[in-house]
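Here is how the chains run, residue by residue.
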Amino acid sequence: MSQTDYRQRSAVLERHQGRVVSIGRIDESDVLDAYRRWAPVYDYTFGLVAGESRRHAVQVLNQRQGRILEVGVGTGLSLPDYKRHLEVVGIDLSPEMLEKARERVNEEKLDHVTGLHEMDASDLKFADGSFDIVVAMFVMTVVPDPEKVMRELSRVVKPGGEVMLVNHFSQREGVRGWVERRMAPFADKIGWRSIFDQSRVEVCDDLELLERKALRPFGLFTMMRFAKRDSARQPVAAE
Ligand SMILES: C[S@@+](CC[C@H](N)C(=O)[O-])C[C@H]1O[C@@H](n2cnc3c(N)ncnc32)[C@H](O)[C@@H]1O
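The structure presented is a predicted model; accordingly, all values stated were derived computationally and were not measured. Each chain has its residues counted from 1, following the order in which its sequence is written. Two thresholds apply to this predicted model, a pLDDT of at least 70 for residue-level local features and 80 or more for giving and counting side-chain atom pairs, whereas whole-chain, interface and lining totals are computed over all residues. Hydrogen atoms and water are omitted, and side-chain values are computed over all heavy atoms in the structure.

### Concerning the site of the ligand
For the record, the criterion: Any residue with a heavy atom lying within 4 Å of a molecule or strand is counted as near it. In the analysis that follows, any N or O atom pair within 3.5 Å is treated as a polar contact, provided that within protein one partner can donate a hydrogen and the other can accept it, and provided that, for residues neighboring in sequence, both atoms belong to side chains. For every accessible area listed, the method is Shrake-Rupley and the probe measures 1.4 Å; residues are considered covered only by the protein chains on display. In this description a helix means any DSSP run of H or I spanning at least four residues, a strand means any run of E spanning at least two, and both kinds are numbered starting from the N terminus. When residues are sorted by character, Ala, Val, Leu, Ile, Met, Phe, Trp, Tyr, Cys and Pro go into the nonpolar class, Asp, Glu, Lys and Arg into the charged class, and all the rest, Gly among them, into the polar class.
Close contacts around the ligand come from 22 residues, with Tyr42, Arg54, Gly72, Asp92 and Ala121 the closest. The contact in question runs from an oxygen atom of the ligand to an N or O atom on the side chain of arginine 54, over 2.8 Å. Within the backbone of alanine 121, one N or O atom sits 2.8 Å away from a nitrogen atom of the ligand. For the ligand, the accessible surface in isolation is 590 Å², of which the surrounding protein chains cover 99%. Secondary-structure elements contributing two or more residues to the shell around the ligand are helix H2 (28-38) and strand E4 (87-92). For the shell around the ligand, the per-class residue count stands at 15 nonpolar, three polar and four charged.

### Topic: the pairing of strand E6 (residues 131-137)
To keep it simple, the criterion reads: When a residue's accessible area, from a 1.4 Å probe over protein chains only, is under 20% of the maximum for its type it is buried; when over 50% it is exposed; and in between it is partly exposed. In this scheme, strands are said to pair when DSSP sees at least two bridges between them. When the strands point away from the viewer, a crossover counts as right-handed if the route from the first strand across the helix to the second turns clockwise.
The element E6 is extensively covered by neighbouring structure, given that six of its seven residues are classed as buried. One ladder, built from four bridges, connects strand E3 (residues 67-71) with E6; its direction is parallel. Bridging from a neighbouring strand, leucine 69 pairs with valine 134 of E6. Strand direction decides the pairing type here: E6 and strand E7 (residues 157-167), joined by six bridges, are parallel. Of the residues in E7, the one forming a bridge with valine 134 is valine 163. Each parallel crossover has a hand, and the one from E6 via helix H6 (residues 146-156) to E7 is right-handed.

Taken by themselves, the reported measurements are silent on function.
This is the structure we're talking about:
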C-alpha cells in the first residue's frame, strides 16, 4: 500500500522508512493553538534548545548579500544575529509568536528587519523571485503541507538564489527513533511532527541540493542548502 493510500485511509497511520507508524496530523488550527500556548515560554524552552543550530545558520547567511525572507520567524530569536547589510522580512502564521518578534524588533531597534507579516507559508503573498535567500528554521516539521510550502519557498526566491532549511529529520534506529515514534501521535498537541522524512522537502525540480550538514546539539537538526536553478540556463547535455 502506498504512502498516499495510508494518508487517505487513516488520519493516524503512515508508512515511514519501511514501517507503518502511528503519526499525528497537524492542521492550521492545531498550529495556531499550539503556538498560542508556546509563545510566552518559547524562548526559554524549544527556542533555547535550538539556539546553537539557529546561530550557525545565521552565520552562514551573514556571508550572503541582499534580501532575506525568514519563513516561520516565530518570536524572532534569529533577528538580532543578522548582520546589518542584509534586509530581513519575516512571516509567521501565529499572531502571538509574531507579537513577540515585533516587541524584539522595537526594543532592540532592529532596523534591518523591514517587515513582519502574518502569513501562511503555503500561500505566500510575494511575487515570484522577490528574495535573494529564503530560510525556514524548525518549520517544515510544523507546517500541515510541507511539499506545498517547499514549492512556495522555491517560487519566491530569485533564480540563482538560495533556500536554506534547518530542520529535524527522524531516525529509524536507536533510542532517538524509539522516542520519536512514541511522540508522533501527539504532533497536533506539541505543534511539530517528531517523525518527518527528508524526502518531504526534496520535491522541487528547480532546487538543487548544495549542502546537507548535521548541526549541534547532537546532530538533532540538519541544515540543508539548495540553489534555485536559473531556468534561462540550458541544462548541460549528457555525454
Ligand atoms: C518551532 S517554531 C520555529 C520558530 C523560529 N523559526 C525559530 O528559529 O525559533 C515554528 C514556527 O512556524 C510557524 N508556522 C507553522 N506553520 C506555519 C505556516 N503554515 N506558515 C507560517 N508559519 C508557520 C509557527 O507559528 C512557529 O512560529
